[in-house]
Amino acid sequence: MEIWINPACSKCRSALHLLDEEGASYTVRRYLEDVPTQDEIREVLGRLGLEPWDITRTQEAVAKELGVKEWPREAGSRDRWIAALAEHPKLIQRPIITADDGTAVVARSEEAVRDALGR
């Protein structure tokens, strides 16, 4: 399993702590430094079963600058959202855990981390 984190994020640190407590085998991706490509974001969205606007941090300063809250949330705008996430990775909700079974979860709660562990 892989976990996308921002080390400054308390939810990310909590998720890592729980993974360690449970003895999970995982790799860490500091996605602000090792920025995911548009294709990787598409893959993770498929694994999550979500749309790009579902994992966009709309309160970030760059989101406000780009005006993403006003962007259409429809299939025709999907590529625009994905491009923004790849260009501005700080917009990506975190942490995201890609589970061994091919699925993924946005692991912002203990329950979500445990869900990933159970897959």
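Cut-off values and rules
- Residues numbered from 1 in each chain as written.
- Predicted model: local features only at pLDDT ≥ 70, side-chain atom pairs only at ≥ 80, totals over all residues.
- Heavy atoms only, no water.
- Helix = DSSP H or I, 4+ residues; strand = E, 2+ residues; numbered from the N terminus.
- Areas by Shrake-Rupley, 256 points an atom, 1.4 Å probe, with all protein chains shown as cover.
- Pairing = 2+ DSSP bridges.
- Axes fitted to C-alpha atoms, helices over the stretch in contact; angles between N-to-C directions.
- Contact = heavy atoms within 4.5 Å.

A.B. asks: Which parts of the structure should I look at to understand the overall build of the protein?
C.D. replies: Check the secondary structure of the protein and you find 5 helices and 4 strands. Beginning at the N terminus, the succession of helices and strands in the protein can be written as β-α-β-α-α-α-β-β-α. With the C-alpha coordinates aligned to their principal axes, the bounding extent of the protein is approximately 40 × 25 × 25 Å. In the form shown here, the protein has an accessible surface area of approximately 6,200 Å², with 43% of it arising from carbon and sulfur atoms.

A.B. asks: Would you mind showing me how to read the environment of aspartate 79 here?
C.D. replies: Summarising the element assignment, aspartate 79 is placed in helix α4 (residues 78-87). In sequence terms aspartate 79 and glutamine 38 are 41 residues apart; their C-alpha atoms lie 8.6 Å from each other.

A.B. asks: Help me out: how do you make sense of the sheet that holds strand β4 (residues 104-106) in this one?
C.D. replies: For sheets, the rule is that strands pair by backbone hydrogen bonds, running either parallel or antiparallel. Read across the open sheet, the 4 strands follow the order β2-β1-β3-β4; overall the sheet is mixed. Of all strands in the sheet, those bounded by a partner on one side alone are β2 (27-30) and β4. For this sheet, the mean angle separating the axes of adjacent strands, direction not counted, is 20°. In terms of strand pairing, strand β3 (residues 96-98) meets β4 through 3 bridges, oriented antiparallel. Bridging across to β4, isoleucine 97 finds its partner in valine 105. Relative to the sheet, helix α1 (residues 10-21) contacts β1 (2-5), β2 and β3, its axis offset from that of β1 by approximately 155°. Lying over the sheet, helix α5 (residues 110-117) contacts β3 and β4, oriented at roughly 170° with respect to β4.

A.B. asks: How should unusual backbone geometry be read in this particular structure?
C.D. replies: Geometrically, the link from arginine 94 to proline 95 is a cis peptide bond, its omega value of -10° lying close to zero. Along the chain, proline 95 turns up in the loop between α4 and β3.

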